[in-house]
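Residue-level listing of the chains:
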Amino acid sequence: MNRQSVRLNELMDNLNKLYPSELAEEWDQVGLHFGYKDANVSKVMTTLDVRPEVVEEALELSVDTIIVHHPILFNPIKRFDNSTADLRMYTDLIKNDINVFVLHTNLDKALNGMNDWLANALKLNDIKELEPSEDGLSGLGRVGNLLDTFVRQDLISYIKDKLNANNLTLIERTPKEAYNRVAIVGGSSFESLSAALDEEADVFITGDITFHKGQDAYEFDILTIDSGHYIEHIFKEKMATVIKNLAQENFWDIEVIESTTNTNPFMYE
């Protein structure tokens, strides 16, 4: 069968079937941020964040649609005076008719979403939802067992390797002799620590833990790891695969690429 053009509305509908917007947290801003539902889609780029460098990359590669994990718009824009990099970035998106579609906490919770991708990257066994939902299909976080039992230093090396994380912040009063059961929540979800404790996890991994929350975690018999937010860059590869599969199933004539821009603002020495 010949390949056929696809409109943005059809692409969004298919992604919403996999990652329903109803799963998103109330505060979240998922869905279409820029663009027209009736626009034709020919070249898609996946990225963790939309930043000025990402938009520049999209323009250089003639991308017409960006699928992103972190919402680009959270707060109202009061003036388009192009006085900041963000405002100029928004102007570039609009002037060049680039669509931006967001899959955030709905993708975090759904099956074959962010937390399954991270759990699979760690090669966990017997994976289940860390905080189960009523429907059994959309709980936050995942918990499972490593293929082997690790001593502390080997565990840290393993996590860095599997999550492609250069820097980990460790919180633990008394190191254990061995570690096997791991709970993980991508992004920032310190509140899930209690669920990890209920699951008798040896390790709890999330990001963006504040100083005082770290002090709280220090009081519990669990290794808490702040892996940073950037481990979610796995979105680029995994979402590109999801869209390529949809294109193959629906005979869409589109090209899908992954952004090569590193949007992690932190450097470590």
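Everything below is about the structure shown above.
Now for a quick tour of the structure. (Residues numbered from 1 in each chain as written. Predicted model: local features only at pLDDT ≥ 70, side-chain atom pairs only at ≥ 80, totals over all residues. Heavy atoms only, no water.)

**So, the packing of helix α1 (residues 8-18) against helix α9 (residues 234-250)**
- One way to put it is that α1 packs onto α9 with a least axis distance of 11 Å and a crossing angle of 115 degrees. As α1 runs across α9, the sense of the crossing is right-handed. Along the contact surface, α1 presents L11, N14, L15 and L18, while α9 presents M239, V242, I243, L246 and N250.
- When grouped by side-chain class, the residues that make up the contact of α1 with α9 number seven nonpolar, two polar and no charged. (Axes fitted to C-alpha atoms, helices over the stretch in contact; angles between N-to-C directions. Helix = DSSP H or I, 4+ residues; strand = E, 2+ residues; numbered from the N terminus. Left-handed = near helix turned anticlockwise from the far one by under 90°. Contact = heavy atoms within 4.5 Å. Nonpolar A, V, L, I, M, F, W, Y, C, P; charged D, E, K, R; others polar.)

**Notes on the side chain of S259**
- The topology assignment puts S259 in the segment after β13 (255-258).
- When neighbours within four sequence positions are excluded, S259 is seen to be in contact with M45, T46, T47, V54, E57 and K236.

**Notes on the pattern of salt bridges**
- If you walk through the whole model with that rule in mind, you get 10 salt bridges.
- E255 is the salt-bridge partner of K43, the closest N and O atoms lying 4.0 Å from each other. Here the residue K43 occupies a position in strand β4 (residues 43-47), and E255 occupies one in strand β13, the gap between them amounting to 212 residues.
- Classification of E255 by relative accessible area gives partly exposed; the value is 41%.
- Beyond isolated ion pairs, a larger network of salt bridges with shared partners links K128, R181 and E199. (Salt bridge = Lys/Arg side-chain N within 4 Å of Asp/Glu carboxyl O. Buried < 20%, exposed > 50% of the residue type's maximum accessible area, 1.4 Å probe, protein only.)

**Examining the pairing of strand β12 (residues 223-226)**
- Of the two faces of β12, the one lined by L223 and I225 and the one lined by T224 and D226 are each fully buried.
- Taken together, the three bridges between strand β9 (residues 169-171) and β12 define a ladder with antiparallel strand orientation. Its bridge partner lying in β12, I171 is registered against T224.
- Across four bridges, the pairing between strand β11 (residues 203-206) and β12 is parallel. By the bridge assignment, I205 is partnered in β12 with I225.
- After leaving β11, the chain enters helix α8 (residues 211-218) and then returns to the sheet as β12, a path that is right-handed. (Pairing = 2+ DSSP bridges. Right-handed = clockwise from strand over helix to strand, strands pointing away.)

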